[in-house]
Structure formats: C-alpha cells, structure tokens
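The residues making up each chain are set out below.
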Amino acid sequence: MIKVAPSILSADFCALGDDITQVQAGGADYLHVDVMDGVFVPNISIGIPVVKSVRKHTDMFLDVHLMITKPHRYVEQFCHAGADLVVFHVEADEPQDVLSVIDTVRRCGKKVGLAVKPKTPAEVVYPYLALLDLVLVMTVEPGFGGQKFMADMLPKIQALRNHIDQNQLDCELEVDGGIDINTSPLVKSAGANVLVAGSAVFNQHDRAAAIQAIREA
Ligand code: DX5
Ligand code: ZN
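This is a predicted model, so every value here is computed, not measured.

Chemist: Describe in detail the overall build of the chain, supporting the description with residues and values.
Modeler: Looking only at helices and strands, one finds eight helices and eight strands in the chain. At 16 Å, the chain has a C-alpha radius of gyration in line with the 17 Å of a compact globule built from 217 residues. For the chain, the spread of C-alpha atoms along the three principal axes comes to 45 × 35 × 30 Å. Evaluated residue by residue, the chain yields a buried proportion of 53% over its 217 residues. For the chain, contacts bridging at least 24 residues in sequence account for 67% of all contacts bridging at least 6. Only carbon and sulfur atoms are counted for the fraction: they give 52% of the accessible area of the chain, which is about 9300 Å². Charge-centre separation for the chain: the mean point of 18 positive side chains lies 2 Å from the mean point of 27 negative side chains.

Chemist: With reference to specific residues and values, describe the site of ligand 1.
Modeler: Residues in contact with ligand 1 amount to 20 residues; listed here are only the nearest, Asp 34, Gly 143, Asp 176, Gly 198 and Ser 199. Taking Asp 176, its side chain carries an N or O atom lying 2.7 Å from an oxygen atom of ligand 1. Between ligand 1 and Gly 178, the relevant distance is 2.8 Å, taken from an oxygen atom to a main-chain nitrogen or oxygen of the residue. For ligand 1, the protein covers 99% of the area, taking 380 Å² as the surface of the free molecule. Sorting the residues of the shell around ligand 1 by element identifies β2 (30-36), β3 (61-67) and β8 (194-197) as the ones contributing at least two each.

Chemist: Could you give me a rundown of the pattern of salt bridges, with the residues and numbers involved?
Modeler: Here the idea is simple: oppositely charged side chains can pair when their charged atoms come close. Taken as a whole, this structure holds eight salt bridges when the rule is applied. Across the pair Asp 19 and Arg 207 runs a salt bridge whose closest N-O atoms are separated by 3.0 Å. With Asp 19 in helix α1 (residues 16-25) and Arg 207 in helix α8 (residues 207-216), this residue pair connects regions lying 188 residues apart in the sequence. The residue Arg 55 makes a salt bridge to Asp 84 at a minimum N-O spacing of 2.9 Å.

Chemist: Could you give an account of the coordination of the zinc ion (ligand 2), with specific residues and numbers?
Modeler: Surrounding the zinc ion (ligand 2) are the protein donor atoms His 32 (NE2), Asp 34 (OD), His 65 (ND1) and Asp 176 (OD), which sit 2.0 to 2.3 Å from the metal. Every donor counted, the six donor atoms about the zinc ion (ligand 2) form angles of 71 to 170° at the centre, which fits octahedral coordination. Binding-site remark: the zinc ion (ligand 2) is held by donors from one chain whose sequence spacing is H-x1-D-x30-H-x110-D. Of this pair, Asp 34 sits in strand β2 while Asp 176 sits in strand β7 (residues 172-176); the two residues are 142 residues apart in sequence, bridging distant segments of the chain.

Chemist: Tell me about the packing of aromatic side chains, and name the residues and values.
Modeler: In this structure the tally under the stated criterion is one aromatic pair. Between Lys 117 and the ring centre of Phe 40, over which it is positioned, the NZ or CZ distance is 4.8 Å.

Chemist: Mind laying out the pairing of strand β5 (residues 111-116), listing which residues take part and the relevant values?
Modeler: Taking burial as the measure, the six residues of β5 include five buried ones, the bulk of the element. Across five bridges, the pairing between strand β4 (residues 85-89) and β5 is parallel. The residue of β5 that forms the bridge with His 89 is Ala 115. Pairing geometry for β5 and strand β6 (residues 134-138), over four bridges, is parallel. Bridged to Leu 114 within β6 is Val 135.

Chemist: Can you explain the sheet that holds β7? Please cite residues and give values.
Modeler: Read from one edge of the open sheet, eight strands run β1-β8-β7-β6-β5-β4-β3-β2, paired in parallel fashion. Looking at the sheet topology across the chains shown, the edges are occupied by β1 (3-6) and β2. Sheet twist, expressed as the mean angle between neighbouring strand axes with direction ignored, is 25°. Lying over the sheet, helix α4 (residues 95-107) contacts β4 and β5, oriented at roughly 150° with respect to β5. Against the sheet, α8 engages β1 and β8, with an angle of about 135° to β1.

Chemist: Before we move on, could you go through the packing of α1 against helix α2 (residues 48-57) and cite the residues and values that matter?
Modeler: The angle between the axes and the distance between the axes are what describe a pair of packed helices. Two numbers describe how α1 lies on α2: the axes approach to 11 Å, and their chain directions differ by 50°. With respect to α2, the axis of α1 lies oblique. The element α1 and its partner α2 pack so that their crossing is right-handed. Contacts from Leu 16, Gly 17, Ile 20 and Thr 21 in α1 reach Val 50, Val 54 and His 57 in α2. A per-class count over the contact of α1 with α2 returns four nonpolar, three polar and no charged.

About the thresholds
- The numbers attached to residues start from 1 for each chain and follow its sequence in the written order.
- The order in which chains are written sets their letters, starting at A; the order in which ligands are written sets their numbers, starting at 1.
- The predicted origin of the model limits local features to residues at a pLDDT of at least 70 and limits the giving and counting of side-chain atom pairs to 80 or more, whereas totals for whole chains, interfaces and linings rest on all residues.
- The side-chain numbers reported here are obtained from all heavy atoms of the structure, hydrogens and water having been left aside.
- Helical segments are the DSSP runs of H or I of at least four residues, strand segments are the runs of E of at least two, and each set is numbered from the N terminus.
- The globule rule is 2.2 Å times the number of residues to the power 0.38, and the radius of gyration it is compared with is taken over C-alpha atoms.
- With a 1.4 Å probe rolled over the protein chains alone, any residue whose accessible area is under 20% of its type maximum counts as buried; one over 50% counts as exposed, and the rest are partly exposed.
- Any two residues having at least one pair of non-hydrogen atoms within 4.5 Å are treated as being in contact.
- Under the convention used here, a 1.4 Å probe and the Shrake-Rupley method define accessible areas, while residue burial counts only the protein chains that appear.
- In this tally, Lys and Arg are treated as positive and Asp and Glu as negative; His is ignored, and so are the chain termini.
- A single reference atom marks each charge: NZ on Lys, CZ on Arg, CG on Asp, CD on Glu.
- Think of it this way: one heavy atom of a residue within 4 Å of a molecule or strand is enough to make that residue near it.
- Distance and chemistry together define a polar contact, namely a pair of N or O atoms within 3.5 Å, with one atom able to donate a hydrogen and the other to accept it when in protein, and with adjacent residues in sequence counting only for side-chain atoms on both sides.
- Salt bridge, as used here: a side-chain nitrogen of Lys or Arg that lies within 4 Å of a carboxyl oxygen of Asp or Glu.
- Note that water is not among the atoms used; donors are N, O and S atoms within 2.8 Å of the metal (3.2 Å for Na, K and Ca), so sites may look incomplete.
- Site shape is set this way: if four donors have all angles between 85 and 135 degrees, tetrahedral; if opposite donors are over 155 degrees apart and all others between 65 and 115, square planar for four donors and octahedral for six; otherwise irregular.
- When two rings of Phe, Tyr or Trp (its six-membered ring) have centres within 6.5 Å they constitute a pair, described as stacked for plane angles under 30 degrees, edge-to-face for angles over 60, and tilted for the intermediate range.
- Charge-over-ring contacts are defined here by two conditions on Lys NZ or Arg CZ: a distance within 6 Å of the ring centre and an angle within 35 degrees of the ring normal.
- Criterion used throughout: strands pair if DSSP finds at least two bridges between them.
- Note on geometry: axes are lines fitted to C-alpha atoms, helical ones only across the stretch in contact, with angles between N-to-C directions running from 0 to 180 degrees.
- With respect to orientation, any angle under 35 degrees is reported as roughly parallel, any angle over 145 as roughly antiparallel, any angle of 65 to 115 as roughly perpendicular, and every other angle as oblique.
- Take the far helix as the reference: if the near one is turned anticlockwise from it by less than a right angle, the crossing is left-handed, and if turned clockwise, right-handed.
- In the scheme used here, Gly and all other residues not listed as nonpolar or charged are polar, with Ala, Val, Leu, Ile, Met, Phe, Trp, Tyr, Cys and Pro taken as nonpolar and Asp, Glu, Lys and Arg as charged.

Have a look at this one:
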C-alpha cells in the first residue's frame, strides 16, 4: 500500500486550515510538517505553535519532519504538540543522542523515524532500523520545496528496502523531495512506500486528483 504525505511547506499559510481540509478529503494518508531552524538547513519554516494549531484542526496522522540541529532539545515538545510521528535527522545529533531521541519519542507514545540527507550513506541508519517505525530518504538537499529529484538516491532507497525486507523489520520507507507523477514510479519500484509531495500537490488546483495521480503513477 502506497501512502501519500502532502507537505504543508508548499501550502498557503494564510489558508492552511482549508488546504489541510482539502488534502484530507482528497485521500492523503499522512500530513507532512517540515520544521526548519535555519541552522541544520538554510531556511526557517514553522514550529511547535503551528503543530499545535494543526492538531486542533485535523485528526490526520501528523508526520513531523524535524530539520533542526540537536533535536533532543525539542522532541518532547513536538510530541506534546500533537505529532503522531517524529522524524529527525541522523546527522543532527551525536550517536548517543540519536538513541535517546528514539527513546524519548517512544516514551511519549509516538512513532519515531530517522532521516538521511543525500550525502549520508544508507549504512549509517542500519544499526537503528529495528528501533524505528520509519526511515526517510531525502531525495533533495533538505531546506526547500520545489527542487529537482535526485535520481542517484534510487540505489539508497533500494538498499534500505532490501535491508528492511531481509531482516523482516516493521519499518516504513519514506522519500521526500521532488516527488511528482514522473518520479513516483521510480521511488515506488525502488521500494519506497510513503511518498512526501509538497509542490506536486499544493501547486495543483485539484488536490484530490494530484494525490491520486502520485499514488497511481
Ligand atoms: C524539503 C522538505 C520537503 C519539501 C518537499 O526539505 O523536507 O518535505 O516540502 O517539497 P517538494 O515535494 O516540492 O519537493
Ligand atoms: Zn520534509
């Protein structure tokens, strides 16, 4: 089953509630929320108060993607704000803190995921996979919507799919960046099962059609 996770980074923040209602009605599986601190990535987006407001507005599954340095400082607050899944970057903390973030999110009763930037090899997350609900492969350099898909990430997706299947792990495989009707078939055949899409959903007038097209492409 392929899941589509529209990223609100490409939504209209003055009409965020309406945009969320549209993608929910349009069959989105997760709502992807991009949090950026201007340090881990060269952009600043949204944070805890917005997650709280979104939580009040919708019962959608909130997939919160933290692009922040030293996430151990804030994960608990994101859990309490209403995240269902907290995804943080393996590059953003020391190895011992990676384990403690996983533990903290679990103790909050939420799902936990680990993300890898394009230059980080798949092997870096292998030791954590059995502890995770999801692994996220960035298919652009994190920081901005609307960038071009990096086809050279396909072998990394395939390697993680093989590792997950061979070890019979209960871990979803998400991709993020440049996903549209042209790249969706590539990542699906490489083994991704959760597809984040920002501009390819929110830049279309008919969000339901856009979501369906990405899922079925
Ligand atoms: C980028 C974010 C993405 C972004 C994707 O750093 O993590 O979630 O919104 O945007 P598109 O789908 O437009 O590439
Ligand atoms: Zn994202």
